[in-house]
Structure formats: structure tokens, C-alpha cells
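Here is how the chains run, residue by residue.
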2 protein chains.
Amino acid sequence: MSETVKVNLGDRSYNISIGRNLPVGTSLKSEQNVKAMIVSDSSVTPFYGLKCQKALQAQGIESTITPVPAGEASKNIQCAAMLYEKALECGLDRGSIIVALGGGMVGDLAGFVAATFLRGIRFIQVPTTLLAMVDSSVGGKTGVNLPKGKNLIGAFHQPIEVVADLDTLSTLPAREYISGLAEVVKYGVIWDRTFFEKIENNIQNILDRHPDILEQIIKRCCEIKAEIVAMDEKELGVRAILNFGHTIGHCVESLSGYGKYLHGEAVAIGMAYAGKLSVSEKNFAPDDCNRMIHLLSGLGLPTSIKENKPDWNNLNSTMLKDKKGRNNKPKFVLAEKLGSVLFGCEIPTETIKHLWLEEKCNQ
Amino acid sequence: MSETVKVNLGDRSYNISIGRNLPVGTSLKSEQNVKAMIVSDSSVTPFYGLKCQKALQAQGIESTITPVPAGEASKNIQCAAMLYEKALECGLDRGSIIVALGGGMVGDLAGFVAATFLRGIRFIQVPTTLLAMVDSSVGGKTGVNLPKGKNLIGAFHQPIEVVADLDTLSTLPAREYISGLAEVVKYGVIWDRTFFEKIENNIQNILDRHPDILEQIIKRCCEIKAEIVAMDEKELGVRAILNFGHTIGHCVESLSGYGKYLHGEAVAIGMAYAGKLSVSEKNFAPDDCNRMIHLLSGLGLPTSIKENKPDWNNLNSTMLKDKKGRNNKPKFVLAEKLGSVLFGCEIPTETIKHLWLEEKCNQ
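Residues numbered from 1 in each chain as written. Chains lettered and ligands numbered in written order. Predicted model: local features only at pLDDT ≥ 70, side-chain atom pairs only at ≥ 80, totals over all residues. Heavy atoms only, no water.

**Student:** What am I meant to see in the side chain of E215 of chain A here?
**Tutor:** Residues and elements named next belong to chain A. Residue position: E215 is located in helix α8 (residues 211–231). Although E215 is buried, it makes no salt bridge; R20 carries the closest opposite charge, 4.7 Å away. Excluding its chain neighbours within four sequence positions, the residues that come into contact with E215 are M1, E3, I18, G19 and L166. (Helix = DSSP H or I, 4+ residues; strand = E, 2+ residues; numbered from the N terminus. Buried < 20%, exposed > 50% of the residue type's maximum accessible area, 1.4 Å probe, protein only. Lys, Arg positive; Asp, Glu negative; His and termini not counted. Salt bridge = Lys/Arg side-chain N within 4 Å of Asp/Glu carboxyl O. Contact = heavy atoms within 4.5 Å.)

**Student:** Could you clarify how one ought to interpret the interface of chain B and chain A in this entry?
**Tutor:** By a widely used convention, the size of an interface equals the accessible area lost when the partners come together. Taken together, the 38 residues of chain B in the interface contact 38 residues of chain A. Across the chain B/chain A interface, buried area totals approximately 3300 Å², and carbon plus sulfur atoms make up 54% of it. Summed over the shared surface of chain B and chain A, the number is four salt bridges. Across the salt bridge formed by E235 of chain B and R94 of chain A, the nearest N and O atoms sit 3.5 Å from each other. Across the contact surface, chain B and chain A share eight residue pairs in polar contact (both at pLDDT 80 or more). Every element with two or more residues in the side of chain B that touches chain A is listed here: α2 (77–89), α3 (104–116), β7 (141–146) and β8 (149–156) of chain B. Across the side of chain B that touches chain A, the residue classes tally to 14 nonpolar, 11 polar and 13 charged. (Buried area = accessible area lost by both parts, 1.4 Å probe. Polar contact = N/O pair within 3.5 Å; in protein donor to acceptor, adjacent residues only side chain to side chain. Nonpolar A, V, L, I, M, F, W, Y, C, P; charged D, E, K, R; others polar.)

**Student:** Explain helix α10 (residues 263–282) of chain A here, please?
**Tutor:** Note on helix geometry: an α-helix contains 3.6 residues per turn, so any two residues three or four positions apart are oriented the same way. Of all 20 residues in α10 of chain A, 15 are buried, a share of seventy percent or more. Positive phi shows up at N283 of chain A, right after α10 of chain A, with a value of about 55°.

**Student:** Explain the packing of aromatic side chains to me, please; I cannot follow it from the model alone.
**Tutor:** Aromatic ring pairs are defined here through the distance separating the ring centres and the angle between the ring planes. Residue and element names in this part refer to chain A. Enumeration according to the criterion identifies four aromatic pairs over all chains in this entry. Measuring from centroid to centroid gives 5.1 Å for Y273 and W356, while their planes differ by 35°, and the two rings are tilted. A residue pair is termed long-range when its members are at least 10 positions apart, and Y273 in helix α10 and W356 in helix α13 (residues 349–362) qualify at 83 residues. For the residue pair Y273 and W356, the accessibility class agrees, reading buried in each case. (Phe/Tyr/Trp six-rings, centres within 6.5 Å; stacked < 30°, edge-to-face > 60°.)

**Student:** Even after reading the chapter, I still don't get the relation of the copies chain B and chain A, so can you show me in this structure?
**Tutor:** Here two copies of a chain appear, and what relates them is a rotation about an axis with a shift along it. Screw-axis analysis of chain B against chain A gives a translation of 0.0 Å along the axis, an RMSD of 0.0 Å, and a rotation angle of 180°. These values place the two chain copies in the arrangement generated by a two-fold rotation axis. Ranked by how close their C-alpha atoms come to the rotation axis, the residues of chain B are headed by I77 of chain B, at 4.0 Å. With an isologous cut-off of 70% or more, the 100% of interface residues of chain B that recur at the interface of chain A puts this contact in the isologous class. (Least-squares fit on C-alpha atoms with pLDDT ≥ 70 in both.)

**Student:** Help me understand empty space enclosed by the protein in this model?
**Tutor:** Left-over empty space is what a probe sized like a water molecule reveals as it rolls over the atoms. In the structure shown here, the tally under the stated rule is four cavities of 30 Å³ or more. Estimated volume of the largest cavity: approximately 110 Å³. Lining the largest cavity we find L22, V24, Y48, K51, C52, A55, L101, V126, V163, D165 and T168 of chain B. At the level of secondary structure, the elements contributing two or more residues to the lining of the largest cavity comprise α1 (45–57) and β9 (161–165) of chain B. Taken together, the residues of the lining of the largest cavity break down into eight nonpolar, one polar and two charged. Lining the second largest cavity, in full, are I77, A80, Y84, F112 and I153 of chain A together with I77, A80, A81, Y84, F112 and I153 of chain B. Broken down by element, the residue count for the lining of the second largest cavity peaks at four residues, all from α2 of chain B. Across the lining of the second largest cavity, the residue classes break down as 11 nonpolar, no polar and no charged. (1 Å grid on protein atoms, 1.4 Å probe; cavity = no way out; pocket = protein on both sides within 12 Å on 5 of 7 lines; lining within 4 Å. Points joined across faces, edges and corners; volume = space filled by probe spheres on them.)

Nothing here speaks to function; it is all geometry.
This is how it looks when you write it as C-alpha cells:
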């Protein structure tokens, strides 16, 4: 049993498969002599490297595996440069593929290498974390970090296939799994109130990683993301709503030093702030805001910063550098109600400052 | 007086202006508060940096200049990384532009930075060499070199405007100017016999950089390139004909150490080899092949390697890594007659080897 979600992007359309023991590379099966380089990380390779190679081999694709050190610190230009050299050593040419086997870091890094090696070769996403399955592996955003910020370098480069094998979630550490749930809640808030309520009603099943609920929520998240990406591939407009919670979330993640907060944890904190700003700026019902914060907490996610809260001036200057901004004005995604948000919102600096400092006093 | 050539690429269409004292940034004139970073090189900045800044200022665009060391050695990932940092320091955002002021190296490097900074911002090409005006500034190929080969990393990213100011050619060293003429001859060979003959009939005027002939030949080259690029933006097919002379040319350039041969010089050598291979493989008339070699020589270009000729094994292994190849088979563009070529041609290794070694004996 497996589910398929199609991402409709004209000649760049592709399928997301969700299930167990799925084939990899089916979109290439009529081609001969395709070489693949699997990029993975040191925490994933021992568990799933061989399985992925065998799945490719079953489609007639010979592959090599290049692991990178696990963790966000590998998502940089130097690591991309190392992968270019490895790609040459492996004899990759314009007909070859790169397979990203891992979480969001591996997908973004390997995707960026695929986007830029020989001016772009094809790549397949094989996400092994919940976060990557529901968010980063779909939609074609690839990139690496600079010391001054996340994803400042990158390209839009769609995969030709996304294979979400639910078995890989069984070995995912609890903290990483829970981190991914922040993005799951996000889809409910930005797009689908019924889905939000489904999450509310299945907290324990979700935390238990019950197979049925996993398949359902991952499929629904992919459907929502596919729908949004198909409307606005390059984020000229509506795709920005996927950044709900990310404006402050990215700042929290970067100011705390990459690694202190996982991406989803920082996004959960950012969603809580975005929710409160929505209450004051867009008449988002306080009860709904509390419901969202309650759901995030119920799933085990942080919704405020308990210690070493970044100084306001640091937060503000980091926000001004946000790549979504223009002319030095950070843009926010704000909720009108559960299931409906607005993008491109500007908020008076004083309002954000007030909320940021107020929260500090409450601790 | 100026000439305009349009590159038709749907919503990525843009104009090439050819003339003197041209405005820069006209495609942006209704926008407010656009920031620009001019990337230039240390040999161009002193002559044209200020002029370019003033031209932008006349359109209401404030700019900063970031020079890189002149020479192909700057076209690498480290230099791109430096430019990303500078772009952040200059406060560039998604609405900003990068202006590439210089030759092909600057255009490729700055274009790659524009293609990947914040997942892609707009850029303007202001070519200051003949080579850049007739070839590299048009068509959206951007990239940097790896130690193992030229342009191995890159992206397709079209400029929004190309401004070829003929005044800049007056300060171009003779060797660089002549190097650019190799690509001019190439357009005649691959596309337009009449244009080839026009070059033959105007050798002295061309070498004298006579303004009228310069404007005419640059315009015609841009028209041909625009026509080919509009048919096949991403080089899936016919665009490959622009690589006539480049398969062996790139190898000669890289095996001799970047800098020994200028790009156009290596391409002229590659064209001579491609012509001879065309005679044996595609019945290209020996007289026409000699005419082409004679024209290249007449313009002052090399058509064979006089000293330190790379060893055959090195040439062969470098050709196998050519990014245009697939499954370890280098592809050649071969001439049928002057003005008409074929792409994707495979040639028996022994044939290339024989020609390569034969030439050595003749010296």
C-alpha cells in the first residue's frame, strides 16, 4: 500500500510516493546507464544507505554513496564544493542523477549541488525525517547557509521524484520527529482548519507514530504543499504563506547558534509569536491563537524561549536581513483565522519590539 | 545611434543595446529604491566603474562597486563566496540587482552569484570585451570553474538587460580583442556564410576596430546568438552548435593552465581541429576548412599548438570529463559546409588520436 501525490508543474511535474519499501528511480526506468550519486549523512547512511542503493539497482541504476557529517553545519559552500569534486570523481555527467537520502539539510545541500553541477542535473529526494517528508523535500527549494544566515544561497530546482519511506521514521530520534510536527501544524493553520482539528484529535496517535495516522498526515501535508507550489513555484506571491512562523523562527534559529534549536522547534516558537502578532494586527481570535499554541505544546514543541533569549537589537537587525524582505522591511505571514493566513504583512517595529520585550518580563 | 537586438524568451525576454554612452538600468526605471552591486575586475574598474555608476544613478539606482582580481583565476567558488558576503554587506535584497561590468569572467561569476544569491536576483550584463559582447553576456549561461575544469558549476540565469558600450573596446588590449574574434568567425561558420564572407572582406577594418564594422559585426553575432538561444534556452539540442571548436578548445585551455591561452585563442585552435575532423567525418570541403583556418590566422589567432602540446592521454581523459558529454563519450559539433554544422557527433577515439598525434609530427 502506498499513496501518491502529484506536484503539477508542467514539464517539471513529479510524483511524491508515501509508503513502505518503495522503489526509487522509477521515473528513469527506460534509460540505460544512468549513474547516481547518493548524498546522505553520517546518521542515515548506516541505516538506509544500502537499502537505497539496492532500490536504485532494481531499476538498473548504479550508485555510489557520499556521506556528509550529520547536522546543519554541513549545509555550507565548502561542503557543496566537496560534493562537486566527488561528483566528478564518480564520473557523473549531464544524464546522471543525485539522490538526496536524509533530512532537510541533506535535501537542501544535495539539491543545490544538483542544481548547479554542470548547470543542473536531475535529482531525487528520499526524505528520512518527518520534516523533510512534509516540507523540505517538496517544492524545489535548494540551498546552503552563509555564516550570516540560513539559505542565503540557493536555487529553485525541482526533484524528478520524491520517495517518502515511512520505515525510515522508526529510527528518527523523538526530538527530531517532534520538531517535524511544527510544520504539520503549520499546514493546518495556513490552509485547512479540518486538518488542524484532525491533529488536535490525534495527538497521542501521532506521538506514537501510528502508521495509519502517519501516512494520512504526511499525505495531506504533501497535498497542501503541492497545491501551493503549483500556484506559485518561485515564491512571487502566495507561496510565502509556507513561511508562517519562519520570519522570527529563522532569527531564533540563527541567533541561538545553529543546533541549539532544531528547525521545527524554532518555527514553533516563531508560530507562537506570529499568532500573537496576528491577534493584535489581523483580529485573529485569541482563543484560536491559544488553541494553536496549546496544540504545539501538546505535541512537545517549545512556544517561547526559556533561556538566553536573544537581545531585541540582535533580533531586529537579523530580521532586516531576512531574504524575504525588501527595502529593509521584514514581511510577516499572519493568521486571520485557523486555516487562513495573509502574506506580505508589514508590522510596525515597535509592535514587534513590545511583544518581544513583554515576553521577556513574563519569564 | 545605437542598435537593439531582442532575445525572445517569453517572460525572460530582454534587450541587447549596442552603441556608445548607453544608459544602464532602463529596464528598471519605474522601480523605486533599487540597490545595485556592480561586480567588476581590477583592470576594468579604473576605466569604467564610475561611468557605470553614473549611468545607473541617472536611472535612480544607487550602486556600490566590488572589484575582483582580473583573470580567469577569479572565476571560482571562493570568489563567489566573497561576493555573497559583499552582497549582504551592501544590503542587497530580492529586489536588488547585480551588474556585471567586465569581460566573460566577470559576467559568468557575477551572473552565477546573481543566480544563487537569495535563490536568484536580477542582473544586468555590461560587457567590456569583444568576447563578452558577442558571446558570454548573451544567453544566460553563468558559472564558475573547478580545479578539474571550466564552468563545471553553474546555472542558467538570464540577464534582464545587456548593454554593450563600444567605447569600452578602445582600451581592450590587442590580444584580448583578437581573442574575441574567434567567436565572431564561429558565428559565420555555424550559421551564416554571408557573414563569414563579410569578415573575410573586412579583416583590416576589423583589426583597426573601425566603429562601423564593429557595430555591424557585434549586432550580427548577437542576432545569431539570440536566435539560437530562443530556440533552445537550456541547451537540450541545437544550442550545442555554439560549442563549435569548444570540445578540444576547452581541453587545450585547461591542460595548458588557465591563462596560457585566452579563451578565444583556445577556441580558434579547437575550431581548426573541429574543421579537420569535419573534413574526414562529414565531408566538409577541404578548401572551406582551409578558408576558415586562413581567416582565423589572418585575424592573428593561433590554429595549432606551437609548444608544450598536451599529451594525447591527458587530452583524451580531459575530453571524457567534458560536461557536454554523456556516458563518457565526448560530443562534437562538426561542419557540413560554411554556415551549417551538426551537433552531438561522436567520433571514434582513434580518429581524434590520429589527428592529434599527426599534428605533433608536423611541427
